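# Observations on the three-dimensional arrangement
Residues per chain, in single letters:
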Amino acid sequence: MLARLRALARRLKADLLALSLAARDPRTPWPARMIALLVLAYALSPLDLIPDFIPVLGLLDDLLLVPAGLWLALRLIPPPVLAEARKRAAAHPARLGRSGWGLALMLALYALAVWLVWRWVAGA
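Residues numbered from 1 in each chain as written. Predicted model: local features only at pLDDT ≥ 70, side-chain atom pairs only at ≥ 80, totals over all residues. Heavy atoms only, no water.

## With respect to the overall build of the protein chain
- Secondary structure assignment for the protein chain yields five helices and zero strands.
- For the protein chain, the spread of C-alpha atoms along the principal axes amounts to about 55 × 40 × 25 Å.
- Scored against the burial criterion, the 124 residues of the protein chain give a buried share of 27%.
- Accessible surface computed for the protein chain: about 8800 Å², of which carbon and sulfur atoms make up 73%.
- In the protein chain, the 15 positive side-chain charges and the 7 negative ones have mean positions that sit 6 Å from each other. (Helix = DSSP H or I, 4+ residues; strand = E, 2+ residues; numbered from the N terminus. Buried < 20%, exposed > 50% of the residue type's maximum accessible area, 1.4 Å probe, protein only. Areas by Shrake-Rupley, 256 points an atom, 1.4 Å probe, with all protein chains shown as cover. Lys, Arg positive; Asp, Glu negative; His and termini not counted. Charge placed at Lys NZ, Arg CZ, Asp CG, Glu CD.)

## Section: the pattern of salt bridges
- Taken as a whole, this structure holds three salt bridges when the rule is applied.
- The salt bridge partner of Glu84 is Arg27, with a shortest N-O separation of 2.9 Å. Here Arg27 lies in the loop between helix 1 (2-23) and helix 2 (30-44) and Glu84 lies in helix 4 (residues 79-91), a separation of 57 residues in the sequence.
- Overall, Glu84 belongs to the partly exposed group, its relative accessible area being 35%.
- Judged by its relative accessible area of 45%, Arg27 falls in the partly exposed class. (Salt bridge = Lys/Arg side-chain N within 4 Å of Asp/Glu carboxyl O.)

## Some points on the nonpolar core
- One finds Leu19, Leu70 and Ile77 to be the most contacted residues of the largest nonpolar core, which totals 19 residues.
- Every element with two or more residues in this core is listed here: helix 1, helix 2, helix 3 (57-76) and helix 4.
- The element contributing the most residues to this core is helix 1, with seven residues. (Core = buried A, V, L, I, M, F, W, Y, C linked by side-chain atoms within 4.5 Å.)

## Observations concerning helix 4
- In this model, helix 4 (13 residues) spans 18 Å end to end at C-alpha, consistent with the 18 Å of a helix rising 1.5 Å per residue.
- Taken together, the buried residues of helix 4 touch helix 1 and helix 3. (Expected span 1.5 Å × (residues − 1). Contact = heavy atoms within 4.5 Å.)

## Some points on helix 3
- Taking 1.5 Å of rise per residue, 20 residues should cover 28 Å, and helix 3 covers 28 Å from first to last C-alpha, within 8% of that figure.
- Among all positions in helix 3, only Gly58, Asp61, Val66, Gly69, Leu70, Ala73 and Leu74 are buried. Mapping the buried residues of helix 3 onto a view down its axis gives an arc of 145°, with all of them on the same face. Every exposed residue of helix 3 that faces more than 90 degrees away from the buried side is listed here: Leu63, Leu64 and Arg75.
- Its buried side turned inward, helix 3 meets helix 1, helix 2 and helix 4. (Arc of directions from axis to C-beta.)

## Overview of the environment of Leu8
- Structurally, Leu8 is set in helix 1.
- Accessibility expressed as a relative area gives 45% for Leu8, which makes it partly exposed.
- Sequence spacing of Leu8 and Asp48 is 40 residues, and the spatial spacing of their C-alpha atoms is 21 Å.

Here is the structure:
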């Protein structure tokens, strides 16, 4: 069981790297790029939708949102682009570090959500 989880984690990391490479490819359609950007920003951002210190729910969002977003983004990328990105990722495995841009994007999305909720509550 533990070996399967480790293999799944390695595959997830490899797919995130391949997604990062495929998102930069000019043959990737813009909707796939936008979803890839959101998935990568969320996966690499030190901020989570639900903070990790909240028992169970804090880790559950990472276990559900990142794989679901990754699955969607990978389905939207053309197969030849994805195959090439996976080959490049396997040939040059790199560690995806924390992203300052991902943090900035997530903070902007949270600020937008708070502003929209405030407008909704203030308007009611």
